[in-house]
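Fold and contact review
Here are the chains, one letter per residue:
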Amino acid sequence: MMASFKLFDLTQKVNYKTEVLAGLTVAMTMMPESLSFAILAGFPPLVGLYAAFIMGLVTSIFGGRPGLISGGAGATVVVLIALMKTSGIEYVFAAVALAGIIQIVIGLFKLGKLIRLVPQPVMYGFVNGLAVIIFIAQLQQFKTVVNGHETWLTGTPLLIMGGLVTLTIAIVILFPKITKAVPPSLVAIIVVFAIVLGFGIHTKTVNDIASVSGGFPPFHIPRVPLNLHTLNIIFPYALIMAAVGLTEGLLTLNLVDEITATKGNGNRECIAQGSANILNGFFFGMGGCPMIAQTLVNLSAGSRARLSGIIASLTILMIILFGAPVIGRLPMAALTGVMIMVAFGTFEWISFRIFNKMPKQDVFVGIVVAVITILLHNLALAVLIGVIISALVFAWESAKRIRARKYIDDNGVKHYEIYGPLFFGSVTAFTEKFDVDADPKEVIIDFKDSRIADMSGIEALNKLTDRYRKAGKKLQLKHLSKDCIVLLKNAADVIDVNILEDPCYRVATEKG
C-alpha cells in the first residue's frame with residue numbers, strides 16, 4: 001500500500017546542479033509563453049503566471065513521471081476563448097475546476113490508455129490546427145484602438161512593431177548557432193527589452209494589456225450561480241478542455257518515455273493534472289496541461305528527476321511576487337515574436353513531406369481535423385471527429401477484405417473457409433457468398449482465419465442458419481475462437497447453430 005503513495009524515488013541519483021539549472025531555464029521559457037497565451041485568450045496576464053506555477057508544482061510532485069513539465073498551455077487555453085468572450089472569467093474558472101474533476105475521474109477509472117485510439121493523421125491535423133490558431137492570434141498585436149474602433153497599425157508604430165518582432169524571430173533562429181546553453185526565446189526577450197528601454201522606443205507593453213502585479217495566488221470561489229443553467233454553459237468547455245489536456249499530456253508523456261527509455265504512469269498523470277486544474281479554478285489560474293516545448297527544453301538541459309519542475313514553478317512564483325514592475329514593461333513585440341516561433345515549432349512540417357506518401361483517407365482526416373480546429377477553436381471536437389472518420393474508414397477497408405474459399409470434400413460436405421472479420425461492415429458481403437439452394441445437405445463454415453466481432457455478425461449467422469434450416473440442410477461452425485464462442489453462447493436465445501468443438505486450436509491473435 002505504501003508504494004501507491006510514494007512521491008519520489010529516493011534511490012534515484014539526482015544531479016542537483018543540473019536539475020536546478022534546468023528548472024531555471026524552463027521557468028524562463030514558460031513565463032513568456034504563459035503570459036502570451038493568457039493575453040491571447042483575453043485573461044489578465046497574472047492568470048497565466050498563476051497557472052504556470054500551480055500546474056507546474058502539482059504535476060511535478062504528483063505527476064505520472066519525472067521530467068514532464070506542465071503549465072498554462074495553449075492547447076487548453078484556446079478552448080476557453082469563446083467562453084471568456086460570452087460569459088466572462090468567472091465562468092472560465094468554474095469550467096477549469098470542472099475539467100479537473102473530469103480528468104481525475106478518467107484517471108481513477110484508468111482510462112488514460114484510450115489515447116491509443118488517436119491515429120497519427122488526427123494528431124497531425126490537431127497540432128497543425130493549433131499552430132495556425134496561435135499564429136493568427138499574434139496578428140491581434142498589430143492592431144490598436146482609435147476612437148473606440150479597432151484598426152490596424154500604420155506608419156511608424158507599424159514599422160516599430162514589425163521591426164521588433166522580426167528582430168525577436170531572428171534572435172530565436174540564430175542564437176542556437178552560437179550556444180544552446182541559454183534558451184533563445186529568453187535571450188530574444190532580454191535583447192528586445194534592452195533595446196526598447198535603452199533607446200526609449202514607444203511601443204505596446206504588457207502593462208498596456210493589464211497589470212501583472214500580484215501576490216501569492218488567492219483563494220477564490222468562482223462567482224457563478226450554482227444551477228443547471230451554469231452547468232449547461234460550462235460543461236461542454238470543461239469536457240473539451242479535459243479531453244484536450246489529457247490528449248496533449250499523454251502524448252507528451254509517451255514522448256518522454258521514448259526519449260528516456262523509461263515508463264511513465266498515464267493514469268497517475270491524469271489525476272495529477274486534474275488536481276492541478278481544480279486548484280487553478282479556485283486560485284485564479286487559467287488551467288493547463290503538459291507542454292511539449294518546455295518538456296523538451298527540460299530534457300535537453302539534462303533533467304531526469306522531479307526537482308527541475310519544482311524549481312521552475314517556485315521561480316515563477318518569485319517572479320510574480322517580486323518581478324511585476326519588470327514584467328509589466330516587457331514589450332509585446334518580443335512576446336509576439338516568441339509566440340510566432342512557438343507556432344512554427346508546433347507545426348508538423350513533416351506532414352508536408354510525407355503528404356504524397358500517405359493514404360488519401362489519412363490526408364483527408366488530417367485536413368478535416370486542422371480545419372475544424374482553426375474554424376471552431378474546438379480541439380476536442382476536431383480530434384473526436386477525426387477518430388470517428390478514421391474508425392469508419394478502417395471499418396470500410398476491413399469490410400472489403402472478407403473472403404470465402406469454397407470446396408466440397410470427399411464426403412460431399414461443402415466447406416466455406418472465411419478470411420477477414422465478420423462485423424457490421426462486412427455482413428452483407430459475407431451473406432452474399434453463400435448459395436443455400438445449390439449447397440449440399442451438410443455445410444461447414446470454417447472461421448480459422450476469421451472472427452465474429454459483434455452483434456451484427458451474430459445476427460448474420462442467425463439469418464443464414466434460418467435459411468439453411470428452411471432448406472432442410474445442416475450448418476456447422478468450425479474453428480471458432482474462444483471469444484467468438486462466448487458471443488454465440490451469450491446470444492443463444494436468438495441463434496441456434498451447431499459448433500464443431502476444437503479445444504486444442506488457437507487462432508493466431510490469441511496469446512499462449
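A short tour of the structure in this document, coming up. Throughout, a residue's number is its position along its own chain's written sequence, starting from 1. Whole-chain, interface and lining totals are the exception, using all residues; otherwise, since this is a predicted model, local features are given only for residues with pLDDT of at least 70 and side-chain atom pairs are given and counted only at 80 or more. Excluded from the side-chain calculations are hydrogens and water; all other atoms, namely the structure's heavy atoms, are used.

1. Points about the overall build of the protein chain
To keep it simple, the criterion reads: Numbering goes from the N terminus for both helices and strands, where a helix is a DSSP run of H or I of at least four residues and a strand is a run of E of at least two. Relative accessibility under 20% of the residue-type maximum defines a buried residue, over 50% an exposed one, and the middle range a partly exposed one, all with a 1.4 Å probe and only protein chains included. In this description, contact between two residues means that some pair of their heavy atoms is separated by no more than 4.5 Å. We score Asp and Glu as negative and Lys and Arg as positive, and we do not count His or the chain ends. Lys charges are placed at NZ, Arg charges at CZ, Asp charges at CG and Glu charges at CD.
Counting its regular elements, the protein chain contains 20 helices and nine strands. Here the protein chain holds 512 residues, and 51% of them are scored as buried. Relative to all contacts within the protein chain whose residues are 6 or more apart in sequence, the contacts with residues 24 or more apart total 81%. Each charge sign in the protein chain was given a centre, from 42 positive and 32 negative side chains, and these centres are 7 Å apart.

2. Brief notes about the packing of helix H6 (residues 155–174) against helix H14 (residues 332–346)
Formally: Angles here are taken between N-to-C directions and fall from 0 to 180 degrees, while the axes themselves are lines fitted to C-alpha atoms, restricted in helices to the stretch in contact. Note on terminology: angles under 35 degrees are roughly parallel, angles over 145 are roughly antiparallel, angles of 65 to 115 are roughly perpendicular, and the others are oblique. What makes a crossing left-handed is the near helix being turned counterclockwise from the far one by less than a right angle; a clockwise turn instead makes it right-handed. Charged means Asp, Glu, Lys or Arg here, nonpolar means Ala, Val, Leu, Ile, Met, Phe, Trp, Tyr, Cys or Pro, and polar covers whatever is left, Gly included.
Close contact between H6 and H14 brings their axes to 8 Å; oriented N to C, the two are set at 50°. Between H6 and H14, the angle falls in the class oblique. The way H6 lies across H14 gives a crossing that is right-handed. Across the interface between the two elements, Met161, Leu164, Val165, Thr168, Ile169, Val172 and Ile173 from H6 touch Met332, Ala333, Ala334, Thr336, Gly337, Val338, Ile340 and Met341 from H14. Among the residues forming the contact of H6 with H14, the class breakdown is 12 nonpolar, three polar and no charged.

3. Section: the pattern of salt bridges
Let me state the cut-off plainly: The rule for a salt bridge is simple: a side-chain nitrogen of Lys or Arg has to be within 4 Å of a carboxyl oxygen of Asp or Glu.
Counted under the stated rule, the structure contains eight salt bridges. A salt bridge links arginine 65 to aspartate 257, with the shortest nitrogen-to-oxygen separation between them at 2.6 Å. Taken together, the positions of arginine 65 in the loop between helix H2 (45–62) and strand S1 (70–71) and aspartate 257 in helix H9 (residues 228–260) put the pair 192 residues apart, joining distant regions of the chain. Aspartate 257 shares its class with arginine 65; the two are buried. Between arginine 469 and aspartate 466 there is a salt bridge whose closest N-O contact spans 3.5 Å. Of this pair, arginine 469 and aspartate 466 both sit in helix H19 (residues 455–470), three residues apart, which is roughly one turn of the helix. Within this structure, Asp466, Arg469 and Lys470 form a network of salt bridges that share partners.

4. So, H9
Threshold: Helix span is expected to be 1.5 Å times the residue number reduced by one.
Across its 33 residues, H9 extends 46 Å between first and last C-alpha, which sits within 8% of the 48 Å expected from 1.5 Å per residue. Positioned one or two residues after H9, alanine 261 has a phi angle of 55°, which is positive.

5. Side note on the pairing of strand S5 (residues 403–408)
For clarity, the cut-off: One requirement defines pairing of two strands: DSSP has to find at least two bridges between them.
Bridge count between S5 and strand S6 (residues 414–422): six bridges; the pairing is antiparallel. Each bridged residue has a counterpart across the sheet, and for tyrosine 407 the counterpart in S6 is histidine 415. Between S5 and S6, which follow one another and run antiparallel, lie five residues, and glycine 412 among them has a positive phi close to 80°.

6. Observations regarding the packing of aromatic side chains
Applied cut-off: Two aromatic rings, drawn from Phe, Tyr or Trp (for Trp, its six-membered ring), form a pair once their centres lie within 6.5 Å of each other, and the interplanar angle then sorts them: stacked below 30 degrees, edge-to-face above 60, tilted otherwise. By definition, being over a ring means that NZ of Lys or CZ of Arg is both within 6 Å of the ring centre and within 35 degrees of the ring normal.
For the coordinates displayed, the defined rule picks out 12 aromatic pairs. Taking 6.1 Å as the distance between ring centres and 10° as the angle between the ring planes, the aromatic pair formed by phenylalanine 219 and phenylalanine 282 counts as stacked. Pair noted here: phenylalanine 219 is in the loop between helix H8 (206–209) and H9 and phenylalanine 282 is in helix H10 (residues 266–282), with a separation of 63 residues, a long-range link. Note on phenylalanine 219: relative accessible area 56%, which makes it exposed. Here phenylalanine 282 falls in the partly exposed class, since its relative accessible area comes to 27%. On the basis of an interplanar angle of 85° and a centroid distance of 5.1 Å, the ring pair of phenylalanine 423 and phenylalanine 424 is categorised as edge-to-face. Looking at phenylalanine 423, the relative accessible area reads 9%, which means it is buried. Exposure remark for phenylalanine 424: the relative accessible area of 51% places this residue in the exposed category. Connected via pairs of aromatic rings, a cluster forms that spans Phe135, Phe344, Phe347, Trp349 and Phe352. The cationic tip of lysine 143 hangs over the ring face of tryptophan 152; the distance from NZ or CZ to the ring centre is 4.8 Å.

7. Things to note about the state of the cysteines
Here a disulfide denotes one covalent bond, and it connects the sulfur atoms of two cysteines. This is how the line gets drawn: Throughout, disulfides are identified as pairs of cysteine sulfur atoms within 2.5 Å of each other.
Inspection of the entire model under this criterion finds zero disulfides. Free cysteine cysteine 270: the closest other cysteine sulfur is in cysteine 289, separated by 12 Å. By relative accessible area, cysteine 270 is classed as buried at 0%.

8. Side note on the nonpolar core
In plain terms, the rule: Put simply, buried Ala, Val, Leu, Ile, Met, Phe, Trp, Tyr and Cys residues joined by side-chain atoms within 4.5 Å make one nonpolar core.
One finds Phe43, Val92 and Met286 to be the most contacted residues of the largest nonpolar core, which totals 95 residues. Val427, Phe434, Val443 and Leu477 belong to the second-largest nonpolar core, a separate cluster that totals 22 residues.

9. Considering the pairing of strand S3 (residues 149–152)
Sheet topology places strand S2 (residues 143–146) next to S3; four bridges connect them, and they run antiparallel. Within S3, the position partnered with valine 146 by the bridge is histidine 149. Linking S2 to S3, which pair antiparallel, is a turn of two residues; within it asparagine 147 sits at a positive phi near 55°.

10. Some details on the side chain of aspartate 454
Selection rule: Counted as a polar contact is a pair of N or O atoms within 3.5 Å, where, for protein atoms, one must be capable of donating a hydrogen and the other of accepting one, and residues adjacent in sequence contribute only when both atoms are in side chains.
Summarising the element assignment, aspartate 454 is placed in the loop between strand S7 (442–452) and H19. Although buried, aspartate 454 forms no salt bridge, and the nearest oppositely charged side chain, arginine 451, lies 12 Å from it. From its side chain, aspartate 454 meets the backbone nitrogen of serine 456 in a polar contact 3.3 Å long.

11. Thoughts on the packing of helix H1 (residues 16–41) against helix H12 (residues 307–322)
Relative to each other, H1 and H12 sit at 50°, their axes nearing to 7 Å. In terms of orientation, H1 lies oblique with respect to H12. With respect to the hand of their crossing, H1 and H12 are arranged in right-handed fashion. Along its contact with H1, which presents Tyr16, Glu19, Val20, Ala22, Gly23, Leu24, Val26, Ala27, Met28, Met30 and Met31, the element H12 presents Leu307, Ser308, Ile311, Ala312, Thr315, Ile316 and Ile319. Across the contact of H1 with H12, the residue classes break down as 14 nonpolar, three polar and one charged.

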